[in-house]
There are 2 protein chains.
Amino acid sequence: MLSASWVKTMSNYVYGVDVGGTSIKIGRFEAGQEVKLIKKWEIPTRLEDGGQHILEDIAIEIGKDDDNTGERIKGIGLAVPGPVLADGTVNRCINLGWNRFNVEQTLADLVHSKTGMKLKVRAANDANAAALGEYFAGAGRSYSYLLMATLGTGVGGGFVADGQILTGATGAACEIGHLVVNPEEPETCNCGKHGCLEQYVSATGIVRLAKMALSGRTQTALSGDDLTAEKIFEAAKAGDELALGVVDEVAQILGMGLANAANVLNPDVIVLGGGVSKAGEFLRVRVEKSFRLHAFHACQGADINLAELSNDAGIFGAALLIR
Amino acid sequence: MLSASWVKTMSNYVYGVDVGGTSIKIGRFEAGQEVKLIKKWEIPTRLEDGGQHILEDIAIEIGKDDDNTGERIKGIGLAVPGPVLADGTVNRCINLGWNRFNVEQTLADLVHSKTGMKLKVRAANDANAAALGEYFAGAGRSYSYLLMATLGTGVGGGFVADGQILTGATGAACEIGHLVVNPEEPETCNCGKHGCLEQYVSATGIVRLAKMALSGRTQTALSGDDLTAEKIFEAAKAGDELALGVVDEVAQILGMGLANAANVLNPDVIVLGGGVSKAGEFLRVRVEKSFRLHAFHACQGADINLAELSNDAGIFGAALLIR
């Protein structure tokens, strides 16, 4: 993904870093009116010792990549899998073993001690960063108010209004996975509540619905062993009735949940991202139908788009924190 | 409500104007670090001729009130009962007979032609303005992210983050009255959907729930004639079991709806305003209990406060648009 414009010697650069539970993605971007990805690479996430080597490893990588002057580097944007307050404080990242500390200051200090460079560091929650990435460089480019739903193992979300991430009081804004869509649900969500959106439309939730539908049924291509959301969508696309029923139920519930979020946020675009969104148009059109049915008329006009940046949304969004 | 400080001759002033369906409230505020209400008065809302005299009347009132130089007037803030886009366009105010036009530009032009003054005009939806008023001058003074629920004949809402109103793509952000809390509801909401929060917790919704509970019951102080939300709260406070049951149901549903809104917005304070909120602590503690039960743990800590500015929230918020 090399761009010809990297040879412009006067360009400024930013790094976008996306910290996940298994790997850290690093992107170097040319920063002008827009960001342009110049190169990207990954290093493993070292979880030992309470995740204390993670930021050190990032500082070292950036030191190695730099042209040694640092003058053209505008800063480092960081996406982390947990809540981040407006002042750069992370409020626990369970996957990384992190407790509460100021991740911006800590990384800036480490970069300074490892490389001698004094760089600006800005951090955000990874779902919020992905939303920012799609807003400026992906499926939300031509919109002003973007709601992103990240449909993975769990369900996350982010909201960007006029180019600014909505962080919230505890860094937990747009946790749409825990909108209650069915107060009567007997099973308990990971969060301890009942009937959260995540229990139905995450990859895990979709498998759960399929398993419930499967019990006692034989005329289906699906089997209870090694069932995945991907297999369910494949079977539905091939015309399997039971799988189609599950997909319709998922889309109906997701559309209703997004409608409730949209009644509060009034976005002009809703972007579907994360692994589940790879089901593509097949899922999107069904979600859109349910959304239009359930949204308040003044909020009904939002476009529903599939994400465009895929796994790069996080590094794009992180880079875009430096503006 | 005269303040001694009005005599400071160097002070700047702003007008806060709240346009309702029957009257227009006008406040003159001293504008410094905070706004201070100097005087307030009302004029009737002239609805004839498609509401076209309303802005003219406001311009004339301000011209009459002014000291004829206009130099110390920083501007006019306007709260209107309908959606307002970020550029000052109102997108229909059904109660006033207004269609789509730029209300800021129109009022500024009228003020100029009637008084010779060139004043800045900023407009907002009235529920959003009330939220801004409570944020800076009322029950949200010591918070950063405020969600306000206005419980009147209908249910409106507003969200203020870091001092900025969330407007949304069509000026309809925070329409929490139309969050779907019960998709199984057989009765239709004014908006055409089923199971909107407004159907249960507005003054009208509370009477509806009471009437359903009343059918066939005799051991209650309530009667079906001239039933009002106020009477229901009075009976509940006096220990009437049926009324208490209705209030508990209202609080339970409102707490759940606010929890869903809070999971998206992550406020640090939720302010209950509007006529229904005059039920006071009796309602607040019950709503808080249900909210804590239904909110996602990271969003659970928001304080729930009763509004402080009552009917003045609109003029305060309007004045605060001029900053």
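Here the structure is shown first, and the text comes after it.
Not measured: the values here are computed from a predicted model. (Residues numbered from 1 in each chain as written. Chains lettered and ligands numbered in written order. Predicted model: local features only at pLDDT ≥ 70, side-chain atom pairs only at ≥ 80, totals over all residues. Heavy atoms only, no water.)

Residues and elements named next belong to chain B. Here Arg 284 shows up in helix H9 (residues 281-294). Assessed through its relative accessible area of 13%, Arg 284 is described here as buried. Not counting chain neighbours up to four residues away, the residues in contact with Arg 284 comprise Leu 272, Ile 304, Asn 305 and Leu 306. (Helix = DSSP H or I, 4+ residues; strand = E, 2+ residues; numbered from the N terminus. Buried < 20%, exposed > 50% of the residue type's maximum accessible area, 1.4 Å probe, protein only. Contact = heavy atoms within 4.5 Å.)

Taken together, the 37 residues of chain B in the interface contact 37 residues of chain A. Here chain B packs against chain A, burying approximately 2700 Å² in sum over the two surfaces, 65% of which is carbon and sulfur. Looking at the side of chain B facing chain A, the largest losses of area belong to B:Val264, B:Asn266 and B:Phe296, adding up to 22% of the total buried there. One can count zero salt bridges joining chain B with chain A. (Buried area = accessible area lost by both parts, 1.4 Å probe. Salt bridge = Lys/Arg side-chain N within 4 Å of Asp/Glu carboxyl O.)

This next bit is on helix H3 (residues 103-115) of chain B. Residue and element names in this part refer to chain B. The terminal C-alpha atoms of H3, which comprises 13 residues, lie 18 Å apart, in line with the 18 Å expected from a rise of 1.5 Å per residue. Inspection of H3 places Val 103, Glu 104, Leu 107, Ala 108, Leu 110 and Val 111 among the buried residues, and these make up the whole buried set. Viewed end-on, H3 has its buried residues packed into an arc of 165°, placing them on one side of the element. Its side-chain oxygen at 3.1 Å from the backbone nitrogen of Glu 104, Asn 102 defines the N-terminal cap of H3. Looking one or two residues beyond H3, the residue adopting positive phi is Gly 116, at roughly 80°. (Expected span 1.5 Å × (residues − 1). Arc of directions from axis to C-beta. Polar contact = N/O pair within 3.5 Å; in protein donor to acceptor, adjacent residues only side chain to side chain.)

If a strand is regular, its side chains alternate between the two faces of the sheet. Residue and element names in this part refer to chain B. Within strand E7 (residues 121-125), four of the five residues are buried, which leaves it mostly tucked inside the rest of the structure. The sheet contact formed by strand E4 (residues 73-80) and E7 spans five bridges and is parallel. Within E7, the residue paired with Leu 78 across the bridge is Ala 123. (Pairing = 2+ DSSP bridges.)

All names here are of chain A. Mapped onto the elements, Asn 311 comes out in the loop between strand E12 (303-306) and helix H10 (313-320). Taking the C-alpha atoms as reference points, Asn 311 and Ala 130, separated by 181 residues in sequence, lie 8.9 Å from one another. Other than its neighbours up to four places away in sequence, Asn 311 contacts Lys 25 and Lys 278.

Attention now goes to the relation of the copies chain B and chain A. Once turned by 180° and shifted 0.0 Å along the axis, chain B lies on chain A with an RMSD of 0.0 Å. Taken together, the rotation and translation relating the two chain copies correspond to the operation of a two-fold axis. Interface overlap between copies: 100% of the residues of chain B at the interface are likewise at the interface in chain A, consistent with a symmetric, same-surface contact. (Least-squares fit on C-alpha atoms with pLDDT ≥ 70 in both.)

A few words on empty space enclosed by the protein. One pass over the full model with this rule turns up one cavity of 30 Å³ or more. What the largest cavity holds in volume is close to 80 Å³. A:Val180, A:Val181, A:Pro183, A:Met256, A:Asn260, B:Val180, B:Val181, B:Pro183, B:Met256 and B:Asn260 together form the lining of the largest cavity. Secondary-structure elements contributing two or more residues to the lining of the largest cavity are helix H8 (241-265) of chain A together with helix H8 (241-265) of chain B. Each residue belonging to the lining of the largest cavity can be placed in one class, and the counts come to eight nonpolar, two polar and no charged. (1 Å grid on protein atoms, 1.4 Å probe; cavity = no way out; pocket = protein on both sides within 12 Å on 5 of 7 lines; lining within 4 Å. Points joined across faces, edges and corners; volume = space filled by probe spheres on them. Nonpolar A, V, L, I, M, F, W, Y, C, P; charged D, E, K, R; others polar.)

A word on the pairing of strand E2 (residues 23-31) of chain A. Residue and element names in this part refer to chain A. Most of E2 sits out of view: eight of its nine residues are buried. With eight bridges connecting them, strand E1 (residues 12-19) and E2 associate as antiparallel partners. Residue Tyr 13 lies in a different strand from E2, and its bridge partner there is Glu 30. Here E2 folds back onto strand E3 (residues 35-44), and the loop between the two strands holds three residues.

Pairs can form between side chains of opposite charge once their charged atoms are near each other. All names here are of chain A. A full pass over the atoms with the stated rule returns 28 salt bridges over all chains. For Arg 208, the salt bridge identified is with Glu 185, shortest N-O distance 3.2 Å. With a gap of 23 residues between them, Arg 208 in helix H6 (residues 203-214) and Glu 185 in the loop between strand E10 (164-165) and helix H5 (198-201) connect regions that are remote in the sequence. Glu 185 shares its class with Arg 208; the two are buried. Ionic pairing is found between Glu 187 and Arg 208, a salt bridge with its closest N-O pair at 3.4 Å.

Attention now moves to the sheet that holds E4(B). Residue and element names in this part refer to chain B. Judged by pairing direction, the sheet is mixed, and its five strands sit side by side in the order E3-E2-E1-E4-E7 without closing on themselves. The open sheet is flanked by strand E3 (35-44) and E7, the only strands paired with a single partner. Pairs of neighbouring strands in the sheet enclose a mean axial angle of 20°, with direction left out of account. Running at roughly 150° to strand E1 (residues 12-19), helix H2 (residues 54-65) makes contact with E1, strand E2 (23-31), E3 and E4 of the sheet. Lying over the sheet, helix H10 (residues 313-320) contacts E1, E2, E3 and E4, oriented at roughly 130° with respect to E1. (Axes fitted to C-alpha atoms, helices over the stretch in contact; angles between N-to-C directions.)

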